[in-house]
Amino acid sequence: MKKRIYLMIEIFRREADARIYFAVKAALKNYSVIIANKSDIWAKRNELKKGIVLFKSLGKTNLKLIRDLKKSGHKIAAWDEEAFVIPKKFNFLVNLRILEENLKLIDYFFTWGKREHNYLKSRFKNHKKLFFDTGNARIDVLKKNNLQLLTEDVNEILNDYGKFTLFLSNFGFYNNSLHNKKKNFLYSLKSNGLVKENTPEYNFFKNEVLYEKNNLKKLPEFIKSFSKNFPNKKLIVKPHPTEKIQAYLDMTKKFKNVIVVTDNKRSNLSWILASEILISVNCTSSVESYFLKKINLNFIQFNNNQHDFYLPKKLSINIYNTKNMIIFLKK
């Protein structure tokens, strides 16, 4: 009799390739795999065949879901979807994504590599046996022999857009589509009981939002300069799926060779492979681009060791202002 795994997915174009790869590998080990969003798995928990439910993080908002799924007879496993875009010094981001109360309820936690594995075992000493250093399917899909699965999507993009430089945005704390000036990211943290005002945690996230705000406000300067210096080249701006698109439409509307694209069908991996150069800011995509052997530029205009993420900075060409970005692109 086949065992059952329930894989959670949130952002299709970012996660689908890795989820499908994981599902195929599991199927070859005689598992039956269902990929669905968190709310659907939770809603059907009593009707579903008992199995292992794989969470993408263990933040506070998952506590009730995990309790309910356990009561329904399911086992719980997890990894941290964002574990390879964290600061060099582990900090409050870990506390936000892994609640110790959840660790008391789960059966397994899968880490991306030794750095995360060793830190979590040290940070949560009472739960050492939960942590397994397995790696993650988001890296496996970047291996050369798996990339042929993206060939059709890459060719579609090239047929539609030709050669282009790709900018993938990552300003979800500041420019989140679910937030407004009053009910912003900090409000969301406080209202959900995740942080208290005037604490080190609160100040960290306040500065994180300010860091993104300052970087985003510098972006129109680069877009204008790119359009002026490279009139015969194309820049495609692809907003992060959590962001307000209008901000990018406003800053690009005057420039014919700068195009804002939203694509819910094809993954970012296909777009990176189709591009000549990737530009991003503190983003997962720069790590993916490194493994795909593409030129990737980490455009961090406000260099800050507390808020710059470790792997994007380590695996990218770091550029700190528009002038130097244009000089590099000319070369």
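Note that the structure is predicted; figures quoted are calculated from it, not measured. (Residues numbered from 1 in each chain as written. Predicted model: local features only at pLDDT ≥ 70, side-chain atom pairs only at ≥ 80, totals over all residues. Heavy atoms only, no water.)

A. Spatial organisation of the packing of helix α10 (residues 200-229) against helix α15 (residues 322-330). Following both chains from N to C, one finds α10 and α15 inclined at 35°, their axes separated by 10 Å at the closest point. Classified by chirality, the crossing of α15 by α10 is right-handed. On α15, the residues that touch E221, F222, S225, F226 and N229 of α10 are T322, M325, I326, L329 and K330. Class assignment for the residues of the contact of α10 with α15 results in five nonpolar, three polar and two charged. (Axes fitted to C-alpha atoms, helices over the stretch in contact; angles between N-to-C directions. Helix = DSSP H or I, 4+ residues; strand = E, 2+ residues; numbered from the N terminus. Left-handed = near helix turned anticlockwise from the far one by under 90°. Contact = heavy atoms within 4.5 Å. Nonpolar A, V, L, I, M, F, W, Y, C, P; charged D, E, K, R; others polar.)

B. Broad picture of α15. Buried within α15 are the following residues: T322, M325, I326 and L329. What you see down the axis of α15 is that its buried residues fit within an arc of 95°, all on one side. The inward-facing, buried residues of α15 contact α10, β10 (277-280), β11 (295-299) and β12 (317-319). Residue N321 occupies the N-cap position of α15, its side-chain oxygen lying 3.3 Å from the main-chain nitrogen of K323. (Buried < 20%, exposed > 50% of the residue type's maximum accessible area, 1.4 Å probe, protein only. Arc of directions from axis to C-beta. Polar contact = N/O pair within 3.5 Å; in protein donor to acceptor, adjacent residues only side chain to side chain.)

C. Summary view of the side chain of S285. Position of S285 among the secondary structure elements: in helix α13 (residues 284-291). In contact with S285, other than residues within four places in its own chain, are L168, I272, L278 and S280.

D. Geometry of the side chain of S280. Position of S280 among the secondary structure elements: in strand β10. Among all residues touching S280, those that are not within four sequence positions of it are F167, L168, S285, S286, L297, N298 and F299.

E. Up close: the packing of aromatic side chains. Using the criterion set out here, one finds 14 aromatic pairs in the structure. Centroid distance F109 to F131: 5.5 Å. Interplanar angle 70°. Geometry classified as edge-to-face. Taken together, the positions of F109 in strand β5 (residues 108-111) and F131 in strand β6 (residues 131-133) put the pair 22 residues apart, joining distant regions of the chain. The residues F109 and F131 share a single accessibility class, namely buried. Among the aromatic residues, those joined into a cluster by ring pairs are F173, F185, F204 and F205. The cationic tip of R115 hangs over the ring face of Y310; the distance from NZ or CZ to the ring centre is 4.2 Å. (Phe/Tyr/Trp six-rings, centres within 6.5 Å; stacked < 30°, edge-to-face > 60°. Lys NZ or Arg CZ within 6 Å of the ring centre and 35° of its normal.)

F. Spotlight on the sheet that holds β12. With parallel pairing, the six strands of this open sheet are ordered in space as β9-β8-β7-β10-β11-β12. The open sheet is flanked by β9 (258-260) and β12, the only strands paired with a single partner. The average angle at which neighbouring strand axes cross in this sheet is 25°, direction not considered. Pairing analysis gives four bridges linking strand β7 (residues 165-168) to β10, with the strands arranged parallel. Considered in β10, the bridge of T165 is made with I277. Docked against the sheet, α15 engages β10, β11 and β12, running at close to 170° with respect to β11. (Pairing = 2+ DSSP bridges.)

G. Representation of a nonpolar patch on the surface within the structure. Nonpolar side chains collect at one region of the surface, where I20, V24, L28 and I35 lie side by side and expose about 380 Å² of accessible area between them. The greatest single-element share of the nonpolar patch, amounting to three residues, is contributed by helix α1 (residues 12-28). (Patch = residues over 30% accessible without salt bridge, like charges linked within 9 Å, V, L, I, M, F, W, Y side chains within 5 Å. Areas by Shrake-Rupley, 256 points an atom, 1.4 Å probe, with all protein chains shown as cover. Salt bridge = Lys/Arg side-chain N within 4 Å of Asp/Glu carboxyl O.)

H. Region of interest: the nonpolar core. F164, L166 and W271 are the most contacted members of the largest nonpolar core, which totals 26 residues. The greatest single-element share of this core, amounting to four residues, is contributed by helix α12 (residues 268-274). Excluding residues within four positions of it along the chain, L166 makes contact with I236, K238, W271, I272, S275, I277, L278 and I279. In terms of nonpolar packing, the next biggest core, distinct from the first, is built from 25 residues, L219, V237, V258 and V281 among them. (Core = buried A, V, L, I, M, F, W, Y, C linked by side-chain atoms within 4.5 Å.)

I. Broad picture of the sheet that holds strand β1 (residues 3-8). Taking strand neighbours across the sheet as the criterion, the six strands line up as β2-β1-β3-β4-β5-β6 in an open arrangement whose pairing is parallel. Of all the strands in the sheet, just β2 (31-36) and β6 have a single pairing partner and so form its edges. Taken pair by pair, the neighbouring strands of this sheet meet at an average axis angle of 25°, ignoring direction. Pairing of strand β4 (residues 75-78) with β5, which is carried by two bridges, proceeds in the parallel orientation. Bridged to A77 within β5 is Y108.

Structural measurements only, silent on function.
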